[in-house]
Structures are given as C-alpha cells and as structure tokens.
4 protein chains.
Amino acid sequence: MHAMKERVYQANLQLPDWALVKLTWGNVSEINRELGVIVIKPSGVPYESMTADQMVVTDLDGNLLEEGGLKASSDLPTHVILYKGFESIGSVAHTHSTHAVTWAQSSRDIPVYGTTHADTFYGPVPNTRQLSQKEVEDAYEVNTGKVIVETFKERGIDPDAIPAVLVNGHGPFTWGKTPAKAIENSYVLDEVADMATQTEQIGGKENKLPQFVLDKHYFRKHGAGAYYGQG
Amino acid sequence: MHAMKERVYQANLQLPDWALVKLTWGNVSEINRELGVIVIKPSGVPYESMTADQMVVTDLDGNLLEEGGLKASSDLPTHVILYKGFESIGSVAHTHSTHAVTWAQSSRDIPVYGTTHADTFYGPVPNTRQLSQKEVEDAYEVNTGKVIVETFKERGIDPDAIPAVLVNGHGPFTWGKTPAKAIENSYVLDEVADMATQTEQIGGKENKLPQFVLDKHYFRKHGAGAYYGQG
Amino acid sequence: MHAMKERVYQANLQLPDWALVKLTWGNVSEINRELGVIVIKPSGVPYESMTADQMVVTDLDGNLLEEGGLKASSDLPTHVILYKGFESIGSVAHTHSTHAVTWAQSSRDIPVYGTTHADTFYGPVPNTRQLSQKEVEDAYEVNTGKVIVETFKERGIDPDAIPAVLVNGHGPFTWGKTPAKAIENSYVLDEVADMATQTEQIGGKENKLPQFVLDKHYFRKHGAGAYYGQG
Amino acid sequence: MHAMKERVYQANLQLPDWALVKLTWGNVSEINRELGVIVIKPSGVPYESMTADQMVVTDLDGNLLEEGGLKASSDLPTHVILYKGFESIGSVAHTHSTHAVTWAQSSRDIPVYGTTHADTFYGPVPNTRQLSQKEVEDAYEVNTGKVIVETFKERGIDPDAIPAVLVNGHGPFTWGKTPAKAIENSYVLDEVADMATQTEQIGGKENKLPQFVLDKHYFRKHGAGAYYGQG
C-alpha cells in the first residue's frame, strides 16, 4: 500500500510540474483489482503541503477504508465508474489543462492532424455529449463517469487505443496501466490539443492524417510489432 | 497591523510569481473595517526591493495614517470605492494580466464556456461601460470604482458570487475575503480568459455551459451544500 | 566609461532574461553626447560568455575608439542615425521579440486598445514604410535608421512620447533616457503587441481607447502633472 | 569517437532545455564521413537518465558498430538518407516542436514574412508531399528521408541555404555542419513558425518580405560577404 500511495502521490505532483494543473485542479488515482483498493488524491489539498501518507484509500466502490483520513477527491465517483467500465486500466488522471479544456469547451473531438497525435492516440480524441439536467442534479460525478463509458461503447472505441476523453464543457480524463502512463497521456493530450488549435488557425483543417500513417505511427509504438524504444 | 502588512506584502509578491504582473503593474489591498484601516502596496515600487514595512496604511477614505511613509498605489481610490460598495469583501487585487486585459480591451463579458469558470465565477465576468470624458478627467480612479459598483448594482450581480470585473479598456479587478483569495481570483480569471479566447478560435462560441452545470459546479464548491475540499 | 559599459552590459543581459531575445538577436547601446562616445554590444557574441569589458566604444559617427576590441553590433549604424535624429534620447535597444516582430511583419501600427499601452506609449506604435531596393543595397543599416526618423518626422510623432517603432518586415527598436528605460520599453512593447493580437482575435478591433483615457493614463505617469510612483 | 558522442549527447540535451522536445520526442545525430560513422541518440531513452556513452554508433548505412549497445533512434534510417542525399551536412536534428509541427500539419510551406526568417533560411521552409500508402507501409523511415531529398531536388532548393524541412503531417527535420548548428536551426525554425502563425492572425499574409531584403539579411550573415559576428 505504501508503494501505491507513493506512486499516486508522485504522479499528482508531476501535474503542476508539467503545467497541467493550477491550484488544486487535478487528481490521479490507481487501482489494485486483486487487493480491491483504489488510492486517490485527497480533495482540495495544496500540492506544496501534500504528503504521500495523505493519499486516500477506498474499496472498489469508493468507500473509505482508513479511519481518520482525509476526504477523497470529489471526482472519485468518476474514477470508480471508469475502473468498472474499462477493465484493463490501472490508473486515471484528471486535469484542467488549458488546451485540452479548450477542446472540451468547444464540444468537438480533437481531429488527428499529425503523427504526434498518432503516436499516442489511435484516432480522434472523443468529446462526450452534454449531461442532461437530471444527470447533473442526481449523482453528477457518477454520471460523468457513465457518459465517458457510454461514449466509448457507443462509438466502438477501445479505451486502450485512445486512453483519453474530453468531458463536454468540463475537461479531460486520461488513463493508463500505471499512474506514470496516465499522466503522460494527459501531457501528450494537452500538447496535441494545442497543435490542433494552431493548425486550424493557419488553414490546416482539411489536412487530416491519412489512416495508413495513423496505423504506421501508432503500431510502431504499440502492440506486438512495435519497434520504438528499447523494449 | 504587522500581520496585515505581511499578508498584503505576500499577496503582492505572489502576482509576479504567477506571471500576472509585469514591472509594477498591480496592487493588492486589505481592509479591516473594525479597526478602520486599509493597507495597500506603495506606488511604483519594484517588487524585488519592496518590504512588508513599506505597505501603506490609510483610513477607510484612503487618507494616510502613518507619517513618513510612501505614497499609496495610485489605484487606492478605486479600492476605497469598492470597499464602500461591496461591504462583504476584505481584499481587492488589480493586475494587468495578459488574457484578462485582452477581454477588458474587447469590451466583452467573459462567457461561461466551462466548469473551470463555473468553479469560481457564478456567471459571465462583466465588462463595465466606458467612462465618459468628464468621469475620466474628474477623479478618474474614484469613478473607476463607481462604474464597477454601478455595473454590479444595475445588472443585479452579487459581488460574492462573481468576485471579478473587467474595466473597459483597462483590466481586471478581483476581490475576496482575504488577500490570498483576492489574488487567487485574479489567477483563475486570467486562466479562464485564456481558455475562452482559445475556445472561440476553434468554433466553440455557441457551446455555453448550461445553467444547471453552472449551478452544480459553483455550489459544490461554495455555500452550505459544498462538498469540495476538506472544509 | 566603466560605468557606461556596465550599464550597457547589464541591459543587454536583461533581454534574454525577459525572453525578448533568442541566441544573439538583440543589442543595446548608450550615448554620452558630452564625452562624444557610444557604447554598444559586440556583434554575435553569446550572452553567456559576454563580459562588460567587451562592450564596444565608438565616437558619435560609429567609428571604433578602442584598439583591439571586438566588432560592434552590425546594427550600430542604425543606432547612430537614431541618436542624430532623436536628440533627447540616451539609449537605444533592438530585439526580435515574438509579438513585436509579428506586428512589424504585418505592416501595421499597433493600435491603442488599452491603458497598458497608454501608460507607456502616447499613441499607436508606428510601422515604417518598406525600404526601397536601393536603400537596402546601399547602406542598409543607415537607411533603417533614416526610415525610422522619417516616420516620426512625417507623421509628427514625438519620439519621447512614443519611444518605440516597428521596422517593416524586421522588428522593433525602442529607446529612452537610459539603457534601463530603453529595454523596459522593449518589454512593454512586446506585451502590448501580444495583448493587441489577442484583442483582435475575440472581436475587439473596434474598441479603440478614447483619446481622453489615453491622455489621462499617459499623463498620470509622464510630465509635470504625473502622480504615479514615489517621484 | 568520445568527443563525437559527447557533442551528440549535449545537442540532444539542449532540445528539452529549449522546449523543443517533450518526453523522448526528438533526436540528433552527427556523421563523420572519413571515419565512416554516424552517432545518434538511442530510441526512447528519457533525457534525465541518458549518458553520453549510450549514444549509438553505426556505419554510413545505419548498421550498428558496437556490440551490446542500445537500439538507435527509430528515425535513424531518415538520417542516413539525408546524409546520403545532402553531402555537405554534418548533423541532423528532428523535433516535434509545437509551432513547426503546426505548419507541418497544415501542409503549407512557411512563408518568409520577416528578417528573423531571412537571417537563417534563404526562402520559404518547404513542406513535403504526403507519402503514399506504399511508401508508408514499406520502409517508412527510409521513405521519409527520400521525400525530403526529393523535395529539395525537385524544387531546386540548396539544403545549405535552407537547412530545414517540414515533413507533411509529421514535423521538422533540420541540419547543419555540426550538432550545435543543426539544433540551432531547429530553435530558429520553431520561433519563425510561431511568428508566421501570429502574423497571419493579424492580417499580415500579404506582407511577404521582398527578395532584396531576403538577399541582404541572408548574405550579411552567410557566405563570403558576411559581416555579422566576430568571424
């Protein structure tokens, strides 16, 4: 449990270092499905004074497991739903990074304009539909998780191939096998979002990356045929 | 008085650290209504050489209370009017932060495009009308304060719910219970302004946040039903 | 002479610290009209290895006065013409700062959109006409200086009131009584240019600052009636 | 060989310091045609833990020369083709820098809008055609090199005069006599790309730099008549 808390703590600290999070606007969690635990950042605690010990431990439904601890991030119910809906993932990250939020606010998917995108995300990064008034008023954070899972199910997207989503009017969630990978995906997502915005400013909107380049770049880094890195 | 000067000093120093202020373009003050004093940054003193002792102490009308001290910020009369018009506030901050100024210069309110905005500001951040020539030539800084208060009164905006304003053609003022909160609102405002500009660049102008999401996000952080943070 | 070299050296070093200059793309000089000398940065020397001693000393026509010294900045002839044309100035700075260059490249003056601009520049920052082929091929740097002086003369602009210019297709020159003031004007110019670009992106192009606000802001910081700062 | 590895290592480290590379998205190589060796960054190794010793040594066809070493950057075949096609160059650099990628994604050359561009690149920076599906599926990295060389040959561009290219939908490659020069060209390219994007935002698209200014600026820094720097 100590190592798990330490990983979650370090990943949370990396977010402001990468300028993806201002104030306390972000959170990272990790799940251990065998042990039946989730570890997540406490709610509203400043990064400067946060310690690894303060990471909050819950069961797989988000119920607190340690007495006397801090309150979990208010986004915990979203994380719980993502872990239930996406069975292969081991960590979830949420930020309000500037460029990803911009796209979330625009109600648009991020198109695949280049190989920087294709190296990490195997297709456009989807934007969810807006939640209904009822979904917002009843169990808002749960329904945020549900609309993400719904988006991937209905559009037939594999969450391992596109480990990121934009929640309409809100911001990005990303995930991965580990906290390090989940936040790396947040980092890449924001850069890809920035590049896409600027590409459109200079008239590049029609220049989508061909599918065969998307295939090439994604699969030279992922899967059985990958040949990038020392792996 | 020493603790008050220290808080005002620290809040002023935070502004360049957050890249909200260049050179000497900003000021923060705090009021103690029971003691009848306002403490504010001196005018035109570089941040690097400024000391807590140099903070200027005035009465509630802005008259200097300490002999031999420095001149107060030239924006002091604006702060005085805000304290008189908005009785619940304890601190005022003024910056020329890039993105908030951009909106001030555009003569537009900042629309609510997302939850990053809604978490802090319960509605569009208002832009004042332009001052008339007479208002500028007679008691410019006083009239800057008056047009802010007028904007909130005429449009029925609660200054505790939207603790920020854009002065047309000039820049932002923000406020809060404490100096720490007043400058935090300056920080959030600039980020929200940047996100709004970029959202419009990619065609998101029609995607305003629904009122029920604004309600949800604002009230999960503020008021009796709040459940964000450890509070 | 040592103090003059030190001031010029420190001002040159400040430019990369303020992110106004990449590599060796900038230069600052100072004139002492009574002693008949100009001190300027050497050409193409990296900032990291530069020393105050290496600053180059010339007469008022730009002829080297110290044997064995380094070559002066290739922009020296432009500085010389500016000192001859603008008799009240004591220092000239040249950068390729991103946002000021953007406006120089656009062939447009920077409009006065707000008080951040008005606090330093009493009117639009002018863009020169393009040089003719003959002017470029014969004494390019001299003619760059001449077209700046011509711009101010023909348009009746006081170089003390607007201490900055955009050379069409090239970049900004700024000036002041001292090197510290000349580079401060470079710093403000780049920020004002950035704010102007963003203001136009969100539709603020029609919202020019009224003349009476420009008057108010400029004269509360400059001239006999100034009341900003401790002066 | 040690000095060559050290130069390649230092140049690779400079890329994240200049904010041109995130994560492991970049690589620099150097060639010694007499010794018949290329030294290049290993694939996917984080900059923080990388050592000079880990630089990979190959022959002029990209075959590994040292047993037990790391795998070379997956972009090595592109570097090899560039060294074969451009016989005067001594180093190649590849980044995913934000603004250069933006132009690569837009399928447009970077126009010459100003002297900042002209000081380094003697004409528009070309964008390649898109690769065909067959070219991507068969020897992608080799064909990336070939389409760059083809672009320069077919358009009659001298790779010493314009030491940079945008690979359509991917990103920039730059080169030079040395690793220090190759990465400097990456640095200048990204700044020039940023300035070009912003110039177009404010309506400067028609204001191309005249050929005679391009000539003047390029040749005052390059070739027999150069007079910039201490050279």
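Criteria and thresholds
- Residues numbered from 1 in each chain as written.
- Chains lettered and ligands numbered in written order.
- Predicted model: local features only at pLDDT ≥ 70, side-chain atom pairs only at ≥ 80, totals over all residues.
- Heavy atoms only, no water.
- UniProt positions renumbered as here; feature names shortened; annotations may be inferred.
- Contact = heavy atoms within 4.5 Å.
- Buried area = accessible area lost by both parts, 1.4 Å probe.
- Salt bridge = Lys/Arg side-chain N within 4 Å of Asp/Glu carboxyl O.
- Polar contact = N/O pair within 3.5 Å; in protein donor to acceptor, adjacent residues only side chain to side chain.
- Helix = DSSP H or I, 4+ residues; strand = E, 2+ residues; numbered from the N terminus.
- Nonpolar A, V, L, I, M, F, W, Y, C, P; charged D, E, K, R; others polar.
- Axes fitted to C-alpha atoms, helices over the stretch in contact; angles between N-to-C directions.
- Parallel < 35°, antiparallel > 145°, perpendicular 65-115°, else oblique.
- Left-handed = near helix turned anticlockwise from the far one by under 90°.
- Buried < 20%, exposed > 50% of the residue type's maximum accessible area, 1.4 Å probe, protein only.
- Pairing = 2+ DSSP bridges.

The name given to chain A in an unreviewed UniProt entry is L-ribulose-5-phosphate 4-epimerase, with the source organism recorded as Granulicatella seriolae. In its Sequence similarities (unreviewed entry) section, the UniProt entry covering chain A states "Belongs to the aldolase class II family. AraD/FucA subfamily."

Trainee: Looking at this model, I keep getting lost on the interface of chain A and chain D. Mind explaining?
Mentor: Accessible area lost on assembly of the parts is the figure often given for the size of an interface. At the interface, 31 residues of chain A touch 38 residues of chain D. Both sides of the chain A and chain D interface together cover about 3,000 Å² of buried area, and 52% of this is carbon and sulfur. When the buried surface of chain A facing chain D is broken down by residue, Ile202(A), Phe212(A) and Gln230(A) rank first, second and third, together holding 24% of it. Between Asp75(D) and Arg220(A) there is a salt bridge, with the nearest N and O atoms lying 3.5 Å from each other. Counting every contact that joins chain A to chain D gives 19 residue pairs in polar contact (both at pLDDT 80 or more). Going through the elements one at a time, α4 (115-118), α7 (179-201) and α8 (211-221) of chain A are the ones with two or more residues in the side of chain A that touches chain D. In terms of residue count, α7(A) provides more of the side of chain A that touches chain D than any other element does, nine residues in total. For the side of chain A that touches chain D, a count of residues per class yields 12 nonpolar, 11 polar and eight charged.

Trainee: Would you explain the interface of chain B and chain C in this entry?
Mentor: Contact residues are listed per partner, giving 38 residues for chain B and 31 residues for chain C. By the criterion of area lost to chain C, the three top residues of chain B are Leu23(B), Trp25(B) and Gln105(B), representing 20% of everything that side buries. As a salt-bridge pair, Glu141(B) and Arg220(C) come within 2.6 Å of each other at their nearest N and O atoms. For the interface between chain B and chain C, the tally reads 19 residue pairs in polar contact (both at pLDDT 80 or more). Elements with a minimum of two residues in the side of chain B that touches chain C: α3 (98-106), α5 (133-137), α6 (140-154) and α7 (179-201) of chain B. The element best represented in the side of chain B that touches chain C is α3(B), accounting for eight residues. Its residues assigned to classes, the side of chain B that touches chain C shows 11 nonpolar, 20 polar and seven charged.

Trainee: Could you clarify how one ought to interpret the packing of helix α2 (residues 76-85) of chain C against helix α6 (residues 140-154) of chain C in this entry?
Mentor: How two helices sit against one another is set out by the angle between their axes and by the gap between those axes. All names here are of chain C. Here α2 crosses α6 at 30 degrees, and the two axes come no closer than 7 Å. When the axis of α2 is compared with that of α6, the two are roughly parallel. Regarding α2 and α6, the two cross each other, and that crossing is right-handed. Side by side, α2 and α6 meet where Pro-77, Thr-78, Ile-81, Leu-82 and Gly-85 of the first sit next to Glu-141, Val-142, Thr-144, Gly-145, Lys-146, Ile-148, Val-149 and Lys-153 of the second. The residue makeup of the contact of α2 with α6, split by class, is six nonpolar, four polar and three charged.

Trainee: What should I look at first to understand the pairing of strand β1 (residues 26-32) of chain B in this one?
Mentor: Every regular strand shows the same layout, with side chains that alternate between the two sheet faces. All names here are of chain B. With respect to burial, β1 is a largely interior element, six of its seven residues being buried. Relative to strand β4 (residues 91-95), β1 is paired through five bridges, and the arrangement is antiparallel. Counterpart to Gly-26 in the pairing with β4 is Thr-95. Strand direction decides the pairing type here: β1 and strand β2 (residues 37-40), joined by four bridges, are antiparallel. Residue pairing in the sheet places Ser-29 in a bridge with Ile-40 of β2. Hairpin connection from β1 to β2: four residues lie between these consecutive antiparallel strands, with Gly-36 at a positive phi of about 75 degrees.

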